[in-house]
Amino acid sequence: MNTSFFVSLDKKALYHNIEYLREYKQKELLPVLKANAYGHDILLIAKALYDYDVKVWAVARYSEAVSICEYFKTFSIDDFKILIFESLIDDYSLLEKYPQICPTLNSIKDLKNALANNISIDRLSLKIDFGFGRNGIKAEEVDELKNLIKYNSLKFLSIFSHLFSASYTDGLEIIKKFTDLVNMLGRNNFEMVHLQNAAGIYNYDVDIVTHIRTGMLTYGLQEAGFYDLDMKPVFTGLIGYVDSVRYVNELDYVAYQELSSIDPGTKKIAKIKIGYGDGFSKANNKTTCLIKKKEYVISQVTMDNTFIEVDDRVNVGDEVHLYHRPNEIKTKTGFSMLELLIAISPLRVKRIFKGEEN
Ligand SMILES: *Cc1c(COP(=O)(O)O)cnc(C)c1O
């Protein structure tokens, strides 16, 4: 049998989160698909969103947008948009090749370059920086920006900023500045207006925005410092099967050096075919996994295999759940579930929607 591990995903949870967020904030959702859709598989998630009629997404890098565009070509689908947080790059041929790619203008210089190169402005977004680092058009450049917009009658895909909030009142201040700025530049010159990511969504209501912009909440991942009981996790487990079960002394015989740290009472060791080469970190040593509703200790993670201390209940072919307590993983490994999920190798570990063959 095939004992490879796979990431199990729940498509209904994804759609539930979309409906829930729309209802909760009374805004449209701009799902963030960067970092392999937070480890969920960028292509699988993009297609599932498209099928649900959510057709505008955001990513961080050009390479992420290009991989989605190439994938959708295989379905002959072209009616979608991908907002990229990165600036317009000099390689304008990429924009011709992929009409769906919608880069961001992070400076006045970016805007002037776009105008000089005849890039259609209605596919571009303005990023405003309110002085909290990162990138974006600075407050002192706003007058020049306003003149450029007026003189050239510019219409943009969107305007946005990052709602950095060192404190609750700082956030309110940014919301006010952002709202005033959008009105000053002309609300109707922007198809979309967006400001909040996950924390901002929980902390604030913002009238002027059309969209909330989040990855965490799309996937039902809990944001540090908040807990939302109404969200459903799209990630439902890293699942595989017991590949072999051996007596410890047998293993000693074949000289598995890695097994030196086994609990002395353990008689049997199960091997599963996943290791740090698959992105299953050694930080998982001494955590537990789940086999037939019982928790067993993970003894050692090696590059290709992991060894589990088991008993006679456990047989070859039994289903093994890793990361079965996602909300407790941080205290056990030092890493958040998000970090661990992103680390799972896209090359070696398939993501699969539960109940679908793909
Ligand atoms: C990553 C990112 C987001 C998504 O943030 P979440 O915390 O996942 O909601 C939103 N906006 C920008 C600019 C980002 O880089």
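These figures come from a predicted structure and were not determined experimentally.

Trainee: I'm lost on the site of the ligand in this one. Help?
Mentor: Lining the immediate surroundings of the ligand are 12 residues, of which K34, Y38, A198, R213 and T214 lie closest. In this structure, an oxygen atom belonging to the ligand sits 2.8 Å away from a main-chain N or O atom of A198. Between the ligand and G215 there is a distance of 3.1 Å, counted from an oxygen atom to a backbone nitrogen or oxygen. Calculation on the ligand without its partners gives an accessible area of 390 Å², and the protein chains cover 89% of this total. For the shell around the ligand, the class distribution of residues is 5 nonpolar, 3 polar and 4 charged.

Trainee: So what exactly am I meant to see when it comes to the domain arrangement of the protein chain here?
Mentor: According to the domain assignment, the protein chain contains domain 1 (11-219) and domain 2 (235-353). Centre-to-centre, using C-alpha coordinates, domain 1 lies 39 Å away from domain 2. Each partner contributes to the interface: domain 1 provides 11 residues, whereas domain 2 provides 8 residues. Between domain 1 and domain 2, roughly 850 Å² of surface is buried when both sides are summed, and carbon and sulfur atoms account for 73% of that area. Remark: the boundary between domain 1 and domain 2 carries 0 salt bridges.

Trainee: Help me out: how do you make sense of the environment of D143 in this one?
Mentor: Within the secondary structure, D143 sits in helix α7 (residues 142-152). Between the C-alpha atoms of D143 and L185, which are 42 residues apart in sequence, the distance is 9.2 Å.

Trainee: Mind showing me how you'd approach the UniProt feature "modified residue: N6-(pyridoxal phosphate)lysine" (unreviewed entry) in the protein chain here?
Mentor: Residues annotated by UniProt as "modified residue: N6-(pyridoxal phosphate)lysine" (unreviewed entry) correspond here to K34. For K34, the position within the fold is in helix α2 (residues 34-38). With a relative accessible area of 29%, K34 lands in the partly exposed category.

Trainee: Looking at this structure, I do not really get the pattern of salt bridges. What am I missing?
Mentor: If the charged atoms of two oppositely charged side chains come close together, the side chains can form a pair. For the structure shown, the criterion picks out 23 salt bridges. Where K138 meets D129, a salt bridge forms, and the shortest distance between an N and an O atom there is 3.6 Å. Counted as one network, the salt bridges with shared partners bring together E295, R325, E328 and K332.

Trainee: I keep staring at the nonpolar core and nothing clicks. Help me out?
Mentor: Most often, soluble globular proteins keep nonpolar side chains buried together rather than apart. With 116 residues, the main nonpolar core has L33, W57, I68, I159, L238 and L322 as its most contacted residues. A domain-level breakdown of this core finds at least three residues from each of domain 1 (11-219) and domain 2 (235-353). When near neighbours in sequence (up to four residues on either side) are disregarded, W57 contacts L30, P31, L33, A46, L49, Y50, I68, F72, F80, K81, I82 and L83.

Trainee: Would you mind showing me how to read the packing of aromatic side chains here?
Mentor: Two measures describe an aromatic ring pair: the distance that separates the ring centres and the angle between the ring planes. Within the structure shown, the criterion is met by 16 aromatic pairs. With centroids separated by 5.9 Å and ring planes inclined at 80°, the aromatic side chains of Y71 and F72 adopt a geometry described as edge-to-face. Taking the relative accessible area as the measure of exposure, Y71 reaches 24% and is therefore partly exposed. On the accessibility criterion, F72 (0% relative accessible area) is buried. Pairwise contacts between aromatic rings join Y50, W57, Y71, F72, F75 and F80 into one cluster. Sitting over the face of the ring of F353, K11 holds its NZ or CZ atom 5.0 Å from the ring centroid.

Trainee: Which parts of the structure should I look at to understand helix α1 (residues 11-25)?
Mentor: An α-helical segment advances 3.6 residues per turn. Residues three or four places apart therefore align on the same side. The end-to-end C-alpha separation of α1 is 21 Å, in line with the 21 Å expected for 15 residues at 1.5 Å each. Residues of α1 that are buried in the fold lie against β2 (28-31), α3 (42-51), α9 (198-203) and β10 (211-214). Its side-chain oxygen at 3.0 Å from the backbone nitrogen of K12, D10 defines the N-terminal cap of α1. At the exit of α1 stands Q26, carrying a positive phi of roughly 55°.

Conventions adopted
- In this numbering scheme, every chain counts its residues from 1 along its sequence in written order.
- Where local features are concerned, this predicted model is filtered to residues with pLDDT of at least 70; where side-chain atom pairs are given and counted, the filter is 80 or more; whole-chain, interface and lining totals use all residues.
- Side-chain numbers come from the whole structure's heavy atoms, not from hydrogens or water.
- For each residue, the test is whether any non-hydrogen atom lies within 4 Å of the molecule or strand; if one does, the residue is near.
- What qualifies as a polar contact is a pair of N or O atoms within 3.5 Å, subject to a donor-acceptor requirement within protein and to the restriction that residues adjacent in sequence count only when both atoms come from side chains.
- Where accessible areas are quoted, they stem from the Shrake-Rupley method and a 1.4 Å probe; at the residue level, only the protein chains shown are allowed to cover.
- We call Asp, Glu, Lys and Arg charged. Ala, Val, Leu, Ile, Met, Phe, Trp, Tyr, Cys and Pro are nonpolar, and the rest, Gly among them, are polar.
- Boundary definitions for the domains trace back to an automatic or database domain assignment.
- In this description, contact between two residues means that some pair of their heavy atoms is separated by no more than 4.5 Å.
- Summed over both partners, the accessible surface that disappears when two parts come together, traced with a 1.4 Å probe, is what is meant by buried area.
- In what follows, salt bridge is the name for a side-chain nitrogen of Lys or Arg lying within 4 Å of a carboxyl oxygen of Asp or Glu.
- Strands are runs of DSSP state E lasting at least two residues, helices are runs of H or I lasting at least four, and both sets are numbered from the N terminus onward.
- UniProt positions are given in the numbering used here, feature names are shortened, and annotations may be inferred rather than shown by experiment.
- Relative accessibility thresholds used throughout: buried, under 20% of the residue-type maximum; exposed, over 50%; partly exposed, between the two (1.4 Å probe, protein chains only).
- By nonpolar core is meant a set of buried Ala, Val, Leu, Ile, Met, Phe, Trp, Tyr and Cys residues that side-chain atoms within 4.5 Å join together.
- Whether two aromatic rings pair depends on their centres lying within 6.5 Å, for rings of Phe, Tyr and Trp, where Trp uses its six-membered ring; planes under 30 degrees apart make the pair stacked, over 60 edge-to-face, and the rest tilted.
- Think of it as a cone above the ring: NZ of Lys or CZ of Arg counts as a charge over the ring if it is within 6 Å of the ring centre and within 35 degrees of the ring normal.
- Helix span, expected: 1.5 Å multiplied by one less than the number of residues in the helix.

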